[in-house]
Amino acid sequence: MEQELTRSKERRAGATGGYTMLALVAALAVIGIVAMPQVAAGSVIGDVVLIAAVAGVIFVAKGFYMLQPNHAAAIIVFGRYHGTDRVTGLRWTLPWATARKISLRANSVLSEKIKVNDLRGNPIEIAAQVVWRVTDTAQALFDVDYLRDFTQVQIEAAVRTIGSRYPYDDHDPSEVTLRAGHAQVSAALRDELIARLAVAGITVDECGFTHLAYAQEIAGAMLRRQQAQAVIAARTALVDGAVGMVELAVKQLADKNIITFDDDRRAALVSNLLVVLCSEQDTQPVISAGAMA
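1. Section: the sheet that holds strand 1 (residues 16-17)
Now for step 1: Within the open sheet, the 3 strands sit side by side as 1-5-2. Their pairing is antiparallel. Bordering the open sheet on either side are strand 1 and strand 2 (64-67), each of which pairs with just one other strand.
Now for step 2: When strand 1 meets strand 5 (residues 89-92), the two strands line up antiparallel, connected through 2 bridges. When the bridges of strand 5 are listed, G17 appears paired with R91.

Written out as C-alpha cells, the structure is:
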C-alpha cells in the first residue's frame, strides 16, 4: 500500500531572548573568577563553585544562535521538530537542540527558454520570471529535498502547462492568447505555480513571461501570416469606412436634391467614390466639361 507524504506544519518555537542568557554567562564567569582564590587556597567549596561556573558557562554558550531579518530557525530536538523561531537578533535554545536556519527573503528565478506546443500545436519558445519566498518553514525544510532544485523544476513544469493551455495568437479577439492576454495568462501561471509549490511551503509574489516567440522552424511562416492578417484587418477597416462615407454622400445628395440619381448614375458615383477612398495611391480626377447624358 502506497504511503502518502506526512505533511509538516509550522508552529512557534519555545526559544528565548539571548541577551538574558548572555547576562547569565557573564554572571557565571564572575562567580568563577571570584572562586579562583579559594581554589588556590585548597578550598573544596571553591573547587565545586568553579567547576559549576565553568559547566554553566559551557552549557549556556552552546545554546546561542543569531537570526538576521527575514530569516528563521527551525528548532529540532533529537530529530523531532519543535517549532520555528522568527524573532531576529541574539537567540537561545536548549544546548541539545539544533537551530536549522532558513531564509524568508524573496527569490527571483529566470527560467530557461523551453520549447512548448501551444493550444494549436504550434511550437513556441517561452521563458518566465518568478519571484517566490518561503511562508511555511516546516514544509520547506522537511517536506522536500533540495528546495531550490525542486522550485526550479516546478517552475519549468508550470510554464509548460500554461504554454500548452493557450494559443500563441488567434483571429478571434475574444479568445485569451499568450501574446495578447498578458494579465490573464500571468494570473493563470501564478495560480499554477502556487498549487505546485504549496507542498514546499512556498508562495509566488510575482511572475510573468520574459520571452515569448514562435520556434525558429516556423517563425518565418508565422511572420508572413501575421503580416497577412494585419493587411486584411486594415483593408476591412478601410472598406467599412469607405462604404459608410459613400452611403452618407449618396443620401445627402438625394436629400438636398442636388442631383437626381437613376440606377446607372448611382452605380457610377458609388464606383468612383470607392475607387477614390480605397485606392493606395493618389487618384487623378477627370473633369467632364460637357453636359451629362
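Text resumes after the structure shown.
2. As for the environment of G83
Now for step 1: As for its placement among the helices and strands, G83 is situated in strand 4 (residues 80-85).
Now for step 2: With 55 residues separating them along the chain, G83 and A138 place their C-alpha atoms 8.0 Å apart.
Now for step 3: Every residue in contact with G83, bar those within four places of it in the chain, is listed here: R11, R12, A13, A73, A74 and I75.

3. Focus: the side chain of N107
Now for step 1: When you line up the elements, N107 lands in strand 7 (residues 107-110).
Now for step 2: Exposure remark for N107: the relative accessible area of 15% places this residue in the buried category.
Now for step 3: Engagement of the side chain of N107 in a polar contact is seen with the side chain of R148, the distance being 2.8 Å.
Now for step 4: When sequence neighbours within four positions are dropped, the list of residues in contact with N107 reads V130, V131, W132 and R148.

4. Focus: the pattern of salt bridges
Now for step 1: For the coordinates displayed, the defined rule picks out 7 salt bridges.
Now for step 2: Notably, a salt bridge pairs D85 with R91, separated by 2.8 Å at the nearest N-O pair.
Now for step 3: Where R133 meets D205, a salt bridge forms, and the shortest distance between an N and an O atom there is 2.8 Å. Separated by 72 residues along the polypeptide, R133 in strand 9 (residues 123-134) and D205 in strand 10 (residues 202-214) bring together distant segments of the chain.
Now for step 4: Residue classification places R133 among the partly exposed positions, given a relative accessible area of 32%.
Now for step 5: When salt bridges that share partners are traced, they join R165, E192 and R196 into one network.

5. Some points on helix 2 (residues 44-61)
Now for step 1: Taking 1.5 Å per residue, 18 residues should reach 26 Å; helix 2 reaches 26 Å between its end C-alpha atoms and fits that length.
Now for step 2: Among all positions in helix 2, only G46, A53, G56 and V60 are buried. Angular distribution of buried residues about the axis of helix 2 spans 95°; they occupy a single face of the element. Residues of helix 2 that are exposed and point over 90 degrees away from its buried face: V44, V48 and I51.
Now for step 3: Among the structural elements, helix 1 (18-40), strand 2 and strand 5 are those in contact with the buried residues of helix 2.

6. Thoughts on the nonpolar core
Now for step 1: In this structure, V134, L147, V159, L189, L193 and F209 are the most contacted members of the largest nonpolar core, which totals 38 residues.
Now for step 2: Where this core is concerned, the elements lending two or more residues are strand 3 (71-77), strand 8 (114-117), strand 9, helix 3 (137-142), helix 4 (147-165), helix 5 (182-197) and strand 10.
Now for step 3: Top contributing element to this core by residue count: strand 9, with 6 residues.
Now for step 4: Contacts of L189, omitting those with residues within four sequence positions, involve A128, A158, V159, I162, C207, G208 and F209.
Now for step 5: One finds A13, Y65, V77 and A97 within the second-largest nonpolar core, a separate group that totals 8 residues.

7. What about unusual backbone geometry?
Now for step 1: Located in the positive-phi region is F78, a residue other than glycine, with phi close to 50°.
Now for step 2: Mapped onto the fold, F78 is located in the loop between strand 3 and strand 4.
Now for step 3: Although it is not a glycine, Y146 sits at a positive phi angle of roughly 55°.
Now for step 4: As for its placement among the helices and strands, Y146 is situated in the loop between helix 3 and helix 4.
Now for step 5: Exposure remark for Y146: the relative accessible area of 67% places this residue in the exposed category.

8. Remarks on the environment of D47
Now for step 1: Considering the arrangement of structural elements, one finds D47 in helix 2.
Now for step 2: By relative accessible area, which is 32% here, D47 ends up partly exposed.
Now for step 3: With 15 residues separating them along the chain, D47 and G32 place their C-alpha atoms 9.5 Å apart.

Here is what the cut-offs are and how they apply
- Residues numbered from 1 in each chain as written.
- Predicted model: local features only at pLDDT ≥ 70, side-chain atom pairs only at ≥ 80, totals over all residues.
- Heavy atoms only, no water.
- Pairing = 2+ DSSP bridges.
- Helix = DSSP H or I, 4+ residues; strand = E, 2+ residues; numbered from the N terminus.
- Contact = heavy atoms within 4.5 Å.
- Buried < 20%, exposed > 50% of the residue type's maximum accessible area, 1.4 Å probe, protein only.
- Polar contact = N/O pair within 3.5 Å; in protein donor to acceptor, adjacent residues only side chain to side chain.
- Salt bridge = Lys/Arg side-chain N within 4 Å of Asp/Glu carboxyl O.
- Expected span 1.5 Å × (residues − 1).
- Arc of directions from axis to C-beta.
- Core = buried A, V, L, I, M, F, W, Y, C linked by side-chain atoms within 4.5 Å.

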